[in-house]
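The primary structure of each chain is shown beneath.
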Amino acid sequence: MNIEEIIIDKVRILPPDKQQEALDFVEFLLAKMQKQELSSQDKNLGVSALTLAQEYIGCVEASTDLSTNKDYMNGSDL
């Protein structure tokens, strides 16, 4: 008999109010587990934009470098 079957057998003998408490506790455990998963995902968000875009750096060629085109930088070409 596995743990799930043991839990089900024990819950069946509980009165309805205690079954509700057991359900509430299981839902609490599930919410706690989801919160931990979200927390671990948030830690992965610390990656820099440079790291994420690294494979695309230098993959586009242009005739001019807009960062040194002073007219463009001043907005005269807009």
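Keep in mind that this is a model prediction, so the values were computed, not measured.

The rules behind the values
Residues numbered from 1 in each chain as written. Predicted model: local features only at pLDDT ≥ 70, side-chain atom pairs only at ≥ 80, totals over all residues. Heavy atoms only, no water. Helix = DSSP H or I, 4+ residues; strand = E, 2+ residues; numbered from the N terminus. Areas by Shrake-Rupley, 256 points an atom, 1.4 Å probe, with all protein chains shown as cover. Patch = residues over 30% accessible without salt bridge, like charges linked within 9 Å, V, L, I, M, F, W, Y side chains within 5 Å. Salt bridge = Lys/Arg side-chain N within 4 Å of Asp/Glu carboxyl O. Buried < 20%, exposed > 50% of the residue type's maximum accessible area, 1.4 Å probe, protein only. pLDDT = per-residue confidence, 0-100. Contact = heavy atoms within 4.5 Å.

1. Examining the overall build of the chain
No. 1: Along the chain, the regular secondary structure elements total four helices and zero strands.
No. 2: When the helices and strands of the chain are read in sequence order from the N terminus, they spell out α-α-α-α.
No. 3: With an accessible surface of roughly 7,600 Å², the chain has 58% of that area assigned to carbon and sulfur atoms.

2. A short note on a nonpolar patch on the surface
No. 1: On the surface, Phe-25, Phe-28 and Leu-29 cluster together into a nonpolar patch covering about 310 Å² of accessible area.
No. 2: In this structure, Phe-28 sits in helix H2 (residues 16-43).

3. Considerations on the pattern of salt bridges
No. 1: Enumeration according to the criterion identifies two salt bridges in this entry.
No. 2: The closest approach of N and O atoms between Lys-18 and Glu-21, which form a salt bridge, is 3.3 Å. Here Lys-18 and its partner Glu-21 are both found in helix H2, three residues apart, which amounts to about one turn of the helix.
No. 3: Judged by relative accessible area, Lys-18 falls into the partly exposed class, the value being 37%.

4. Overview of the confidence of the model for the chain
No. 1: Counting all residues, the mean pLDDT for the chain is 80, and 71% of those residues have values of 70 or more.
No. 2: For the chain, the element scoring lowest by mean pLDDT is helix H4 (residues 70-74), at 63; helix H1 (residues 3-12) scores highest, at 95.

5. So, the environment of Met-1
No. 1: Within the secondary structure layout, Met-1 lies in the segment before H1.
No. 2: For Met-1, a relative accessible area of 72% gives the class exposed.
No. 3: Contact partners of Met-1, with chain neighbours within four places excluded, come to Ile-6 and Asp-9.

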